[in-house]
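So you can see what is in the structure, the chains are spelled out below.
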Number of protein chains: 2
Amino acid sequence: MSAPGDITEVMALDRLVHEPARLLILAVLSGAKLVEFGFLEQVSGLSKGNLSSHMSKLEAGGLIEVKKSFRGKRPLTELCITPAGRRALANYRRQLATVMQGIPAPAAPTKRRREE
Amino acid sequence: MSAPGDITEVMALDRLVHEPARLLILAVLSGAKLVEFGFLEQVSGLSKGNLSSHMSKLEAGGLIEVKKSFRGKRPLTELCITPAGRRALANYRRQLATVMQGIPAPAAPTKRRREE
DNA sequence: TCAACTAGTTTGTAATGCAAACCTATTTGC
DNA sequence: GCAAATAGGTTTGCATTACAAACTAGTTGA
């Protein structure tokens, strides 16, 4: 289908997953059954608003499920990744591996450290 | 600085490089001294307009250099990656490697394909 | 001459990422 | 008891973006 390390594969990356904020969310979710909104907010450093909107997009895409309930008397939003979400993440990871083969590693990680 | 495979590193990805179209351009450029606009257009599958604007952004960011000349009587635009571009690409690659460690590989790529 | 092609650039637009402002309910200070 | 602060999010507004359609400028073919 594609040559090993075919860099053009990069164009097929799932944009829903490719966005750093959402990739982070998915990665965190993939390591737990259920994650609280507030926890994600802290881990990710995203603002509530930003997190909320990324959450909605992932939910709309079927990659995560959002459960709303109450802890005591306060609202509590929890997220979990769906099977489709896991597949999307695994697939993204695969594509990323392919893409990385298409990006040349620096010839020699020489001792000189570049300043930019 | 960051734990091995720290997934929050994903938030530090260089957006100029992270965009698939531009990553593709950079990857192609990294493997040649000089690449023609038309060649990139075909390899990437990008429209001329899209390619042109990504090219401008990469140039504005100092990651590539654009040389305009003539071949016979027709205009010819050629691109080449700059040292800064190479560094940015190498750095991106490094970060990507870190990020990938934070994305769990599917436990076992079992033979059964599930649908939900 | 004029249509069609080459080689790109500019323009228009829909979608995106982001945070400020907002909303609703609870808790705390006095 | 009630104003202010806090918790837990959502909605709105905005600046940026990716993308292709339309355009520009020159060239070749008939």
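The structure displayed is predicted, hence computed values, not measured ones. (Residues numbered from 1 in each chain as written. Chains lettered and ligands numbered in written order. Predicted model: local features only at pLDDT ≥ 70, side-chain atom pairs only at ≥ 80, totals over all residues. Heavy atoms only, no water.)

Enquirer: Is there a simple way to explain the pairing of strand β2 (residues 64-71) of chain B in this structure?
Expert: A regular strand places its side chains on the two faces of the sheet in alternate fashion. Two elements, β2 of chain B and strand β3 (residues 74-81) of chain B, share 8 bridges in a ladder whose sense is antiparallel. If you follow K67 of chain B over to β3 of chain B, its bridge partner there is E78 of chain B. (Pairing = 2+ DSSP bridges. Helix = DSSP H or I, 4+ residues; strand = E, 2+ residues; numbered from the N terminus.)

Enquirer: Got a minute to help me understand the pattern of salt bridges in this structure?
Expert: Where side chains of opposite charge bring their charged atoms close, a pairing between them can arise. Counted according to the given criterion, the structure contains 6 salt bridges over all chains. A salt bridge links R15 of chain A to E19 of chain B, with the shortest nitrogen-to-oxygen separation between them at 2.9 Å. Taken together, the residues R15 of chain A in helix α1 (residues 15-18) and E19 of chain B in the loop between α1 (15-18) and α2 (20-30) connect one chain to another. According to the relative accessible area criterion, R15 of chain A is partly exposed, its value standing at 43%. A relative accessible area of 19% means that E19 of chain B is categorised as buried. (Salt bridge = Lys/Arg side-chain N within 4 Å of Asp/Glu carboxyl O. Buried < 20%, exposed > 50% of the residue type's maximum accessible area, 1.4 Å probe, protein only.)

Enquirer: It is not clear to me how the protein's contact with DNA strand C should be interpreted in this structure. Could you clarify?
Expert: Lining the immediate surroundings of DNA strand C are 20 residues, of which K48, S52, K68, L76 and T77 of chain B lie closest. Backbone atoms, meaning sugar and phosphate, make up 75% of the atoms of DNA strand C lying within 4 Å of the protein. One nitrogen or oxygen atom from the side chain of E19 of chain A is found 3.2 Å from a phosphate oxygen belonging to DNA strand C. Here a sugar or linking oxygen of DNA strand C and a side-chain polar atom of R74 of chain B are 3.5 Å apart. Class assignment of the residues belonging to the surface near DNA strand C gives a composition of 4 nonpolar, 7 polar and 9 charged. (Near = heavy atom within 4 Å. Polar contact = N/O pair within 3.5 Å; in protein donor to acceptor, adjacent residues only side chain to side chain. Nonpolar A, V, L, I, M, F, W, Y, C, P; charged D, E, K, R; others polar.)

Enquirer: Please explain helix α4 (residues 48-60) of chain B as it appears in this structure.
Expert: Residues spaced three or four apart along an α-helix point in a common direction, a consequence of the helix completing one turn every 3.6 residues. All names here are of chain B. Compared with an ideal rise of 1.5 Å per residue, which puts 13 residues at 18 Å, α4 spans 18 Å between its outermost C-alpha atoms and is within 8% of the ideal. Listed in full, the buried residues belonging to α4 are L51, H54, M55 and L58. Within α4, the buried residues cover an arc of 105° as seen down the axis, which keeps them to one side. Residues of α4 that are buried sit in contact with α1, α2, α3 (37-44), β2 and β3. Looking one or two residues past α4, G62 carries a phi angle of roughly 80°, positive in sign. (Expected span 1.5 Å × (residues − 1). Arc of directions from axis to C-beta. Contact = heavy atoms within 4.5 Å.)

Enquirer: Sorry, what's going on with the UniProt feature "domain: Winged helix DNA-binding" (unreviewed entry) in chain A here?
Expert: Per the UniProt entry, the sites bearing "domain: Winged helix DNA-binding" (unreviewed entry) are residues 22-98 of chain A in this numbering. The span residues 22-98 of chain A carries 58% helix and 23% strand; its end-to-end C-alpha distance comes to 21 Å. (UniProt positions renumbered as here; feature names shortened; annotations may be inferred.)

Enquirer: Which parts of the structure should I look at to understand the protein's contact with DNA strand D?
Expert: Near DNA strand D there are 20 residues, and of these K48, S52, K68, L76 and T77 of chain A occur at the shortest range. Expressed as a percentage, the sugar and phosphate content of the atoms of DNA strand D within 4 Å of the protein is 78%. Within the backbone of P75 of chain A, a nitrogen or oxygen atom sits 3.4 Å from a sugar or linking oxygen of DNA strand D. Contact between DNA strand D and L76 of chain A: a phosphate oxygen at 3.3 Å from a main-chain N or O atom of the residue. Those elements giving two or more residues to the surface near DNA strand D turn out to be α4 (48-60) and β3 (74-81) of chain A together with α4 of chain B.

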